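Chain residues, written in single-letter form:
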Amino acid sequence: MADSDPKAPQRPGPWPTAPLPDAKAMPPSTWAKKTGFRPKFSGEANASDSGHISLQPKPKEPDTNVDLEAGRARAPTPGNGVAHREKVPPLPPPKDQVVKKRRDSDGVPKSSVSSINGQAPPPPPPPPPGRRAASHEDIVDDDGFVSRNSHMKYELRDSPGLVPIGVYGIQHYVSILGSLILIPLVMVPAMGGSREDTSAVVSTVLFVSGMTTLLHTNFGSRLPLIQGPSFVYLAPALAIINSSEFQGLNENKFKHIMKELQGAIIIGSAFQTFLGYTGLMSLLVRLINPVVVSPTIAAVGLSFYSYGFPIVGTCLEIGAVQILVVIVFSLYLRKISVFGHRIFLIYAVPLGLAITWAVAFLLTEAGVYNYNGCDINIPSSNMVSEHCRKHVSKMKHCRVDTSYALESSPWFRFPYPLQWGTPVFHWKMALVMCVVSLISSVDSVGSYHASSLLVASRPPTTGVLSRGIGLEGLSSVLAGLWGTGTGSTTLTENVHTIAVTKMGSRRAVQFGACFLILLSLVGKVGGFIASIPEVMVAGLLCFMWAMLTALGLSNLRYSEAGSSRNIIIIGLSLFFSLSIPAYFQQYGISPHSNSSVPSYFQPYIVASHGPFRTQYGGLNYFLNTTFSLHMVVAFLVAVILDNTVPGSKQERGVYVWSETEVARREPAVANDYELPLRVGRIFRWVKWVGL
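This structure is a prediction, so every number in the text was calculated from the model and none was measured.

## Details of the nonpolar core
With 128 residues, the main nonpolar core has Phe231, Tyr307, Ile532 and Met536 as its most contacted residues. Among the elements that make up this core, the one with the highest residue count is helix 16 (residues 427-455) (twelve residues). In this view, Phe231 contacts Ile183, Val300, Phe304, Glu493, Leu541, Met544, Trp545 and Leu548; residues no more than four positions away in its chain are not counted.

## A few points about the pattern of salt bridges
Summed over all chains, the structure comprises five salt bridges. Between Asp672 and Arg157 there is a salt bridge, with its nearest N and O atoms 2.7 Å apart. A residue pair is termed long-range when its members are at least 10 positions apart, and Asp672 in helix 27 (residues 667-673) and Arg157 in the loop between strand 4 (146-148) and helix 3 (162-175) qualify at 515 residues. The class for Asp672 is buried, based on a relative accessible area of 1%.

## Some details on the confidence of the model for the protein
Taken over all residues, the pLDDT of the protein has a mean of 78, while the share at 70 or more is 74%. The secondary structure element of the protein with the lowest average pLDDT is strand 4, at 38, and the one with the highest is helix 24 (residues 630-644), at 96. Across residues 11-88, where pLDDT falls below 50, the model places 132 contacts with residues more than four positions away in sequence or in other chains. In the model, residues 127-150 has pLDDT below 50 throughout and makes 72 contacts with residues more than four positions away in sequence or in other chains.

## A closer look at helix 9 (residues 290-302)
Here helix 9 contains 13 residues, and its C-alpha end-to-end distance of 18 Å stays within 8% of the 18 Å for a straight helix at 1.5 Å per residue. Here helix 9 lies mainly inside the structure; twelve of its 13 residues are buried. Within helix 9 the residues assigned to the buried category are Pro290, Val291, Val292, Val293, Ser294, Pro295, Thr296, Ile297, Ala298, Ala299, Val300 and Gly301. On its buried side, helix 9 packs onto helix 16, helix 21 (534-553), helix 22 (564-586), helix 24 and helix 25 (649-652).

## Overview of the state of the cysteines
Going through the model one piece at a time under the given rule, you end up with one disulfide. For Cys315, the disulfide goes to Cys398, at an S-S distance of 1.9 Å. Around the S-S axis, the bridge from Cys315 to Cys398 shows a dihedral of about 125° and counts as right-handed. Taken together, the residues Cys315 in the loop between helix 10 (308-312) and helix 11 (316-332) and Cys398 in helix 14 (residues 386-398) connect sequence positions 83 residues apart. One exposure class covers both Cys315 and Cys398, and it is buried.

Reading guide: rules and limits
Residue numbering note: each chain is counted from 1, following its sequence as written. Per-residue local features of the predicted model are confined to residues with pLDDT of at least 70, and side-chain atom pairs are confined, for both listing and counting, to 80 or more; whole-chain, interface and lining totals are unaffected and use all residues. With hydrogens and water stripped out, all remaining heavy atoms of the structure feed into the side-chain values. The nonpolar core is taken to be a set of buried Ala, Val, Leu, Ile, Met, Phe, Trp, Tyr and Cys residues, with the residues joined through side-chain atoms within 4.5 Å. Whether a residue is buried, partly exposed or exposed follows from its accessible area with a 1.4 Å probe, protein chains only, as a fraction of its type maximum: under 20%, in between, or over 50%, in that order. Counting from the N terminus, the helices are the DSSP runs of H or I reaching at least four residues and the strands are the DSSP runs of E reaching at least two. Whether two residues are in contact is decided by their heavy atoms, any of which lying within 4.5 Å being enough. Salt-bridge detection follows one rule: a side-chain nitrogen of Lys or Arg within 4 Å of a carboxyl oxygen of Asp or Glu. Per-residue confidence from the predictor is given as pLDDT, running between 0 and 100. Expected span, for any helix, means 1.5 Å times one less than how many residues it has. Two cysteine sulfurs form a disulfide in these notes if their separation is within 2.5 Å.

Structure (structure tokens):
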């Protein structure tokens, strides 16, 4: 700003001097910086990731504000996050030179977006000898706030040695054990499968998860993200499982439904592969921002409320204890460290399962659930004694010796493709999975961005993002061929594990994937997991789904969470994601209808009674099933509102991805994301899937 007239009287205090007449049009953000005024709900104020305003007035340097992501001073920009030179008042030459030097060093054009989510931060101070520069991206601490320079123990390309890699790699997979094993424990019994079938599917899931993780970390986004069965696929899979045409099956019901699921997953995953490798995802990603990702992923966790506690209630003394133990470990004991590791926070799920299982075993051995003249193997309909009928639920759900999967499982089992038979393809089910694969891609976009801010030098380019989505599609095709029952996608919980363990090494995740493949070959491991009582599975899922909901909403930290615009969009998306599917699920059902489907699976039989009743049965199936999925409705409402309601880029928290030319010029970015073994040369001419 030009100097004022020296003869003009100066105002007392920190107020700025009167501007010249040619400097009347001062942007609101500059005025706010000079006066110290910082609105809480406007897109013109820089908000921290936690949604709190943390700027402090600086009378001595009124033109300098704080970069909340990098923790450093930066040049002021207009409130919408875009650096328009013609709108910024002229700065003194020294400061202008500093800004130019910073931008040139970052390699970012002056017309680029200045965002709060990790793009183009100022260069960090030189690292100490013998170690790469610490990542200057943000990480969520235990209290839910975001801090910079939190010093990951190992970053993306670090290779700390065989022993640390092994320890941290196995720890990484054990900490997200629930995400890997719980989905088969829900699906296979619903498909009419036995404990032996569950054991085989669990082994297959572990094998495919390890194989696809190796593929993704080498030829996908190259971020340390674990691929596995996602809860995104659980609801549509249950809708297919509970279709009316499968209700009358008795013999080979499990294999028949599994082949139907395989066909639907293969077609839907091929569509996802097409989105990625054709570059369409790089166009769609312009519509996907934190305000869209947050309610979509949160709706995935909220949609299973009808399954969680109703199953826990069948044996409260076991299920409720399971939930309480995991909550105590993950919240009240989370700061307790043993040998430098917060074991209660990292291993809350496996520790809670082990302790509750031990308690249930002791109660069973002590004879608490033994009743005179009652046999658990006799169906309740054949029980003559009223005494036994009264206690049959306790015997069935509370005892831990009712499964023989561990004894019947072989020591060695190799999962192979098409082990359940040739997949069956029906276009109505395949279309449902195509929609779900798009939702899965939305989930992965948020995971890519959040993980890159933790472990990488910059966010990936849109080409890397498209490449990762394309490989996730191929991974899901493999999951369909092997017969896991769900597609393979990035586990959202993995990002939370990286933030807690501070282990972001790609090598550690790859080592853990190899260990997982070896573990899947031991049939007894799958049998042991399959013998987990159903009530404990439901107790763990209550925690996992709550965590998934919270992780989805945590994406709002990249936007202005206090903005009234965002509050209304998120509220509408979440409400309609619960209310509209409820309308479809309850439509046409009489209050006293008798159904062979358990009450907690009633929401997934909507295809046979939904409001769409045209003359085309396949179209009815597709529309009724699609609009009964909570995540689909949340995504549609959020993406329409976020892209039509006016809002600044900073207020919306628009994801900023690295520019391709900048990434190729900077060795750190190229080393983070470039494909190994010179495979990248194949994609170098394909700009939409290359670096």
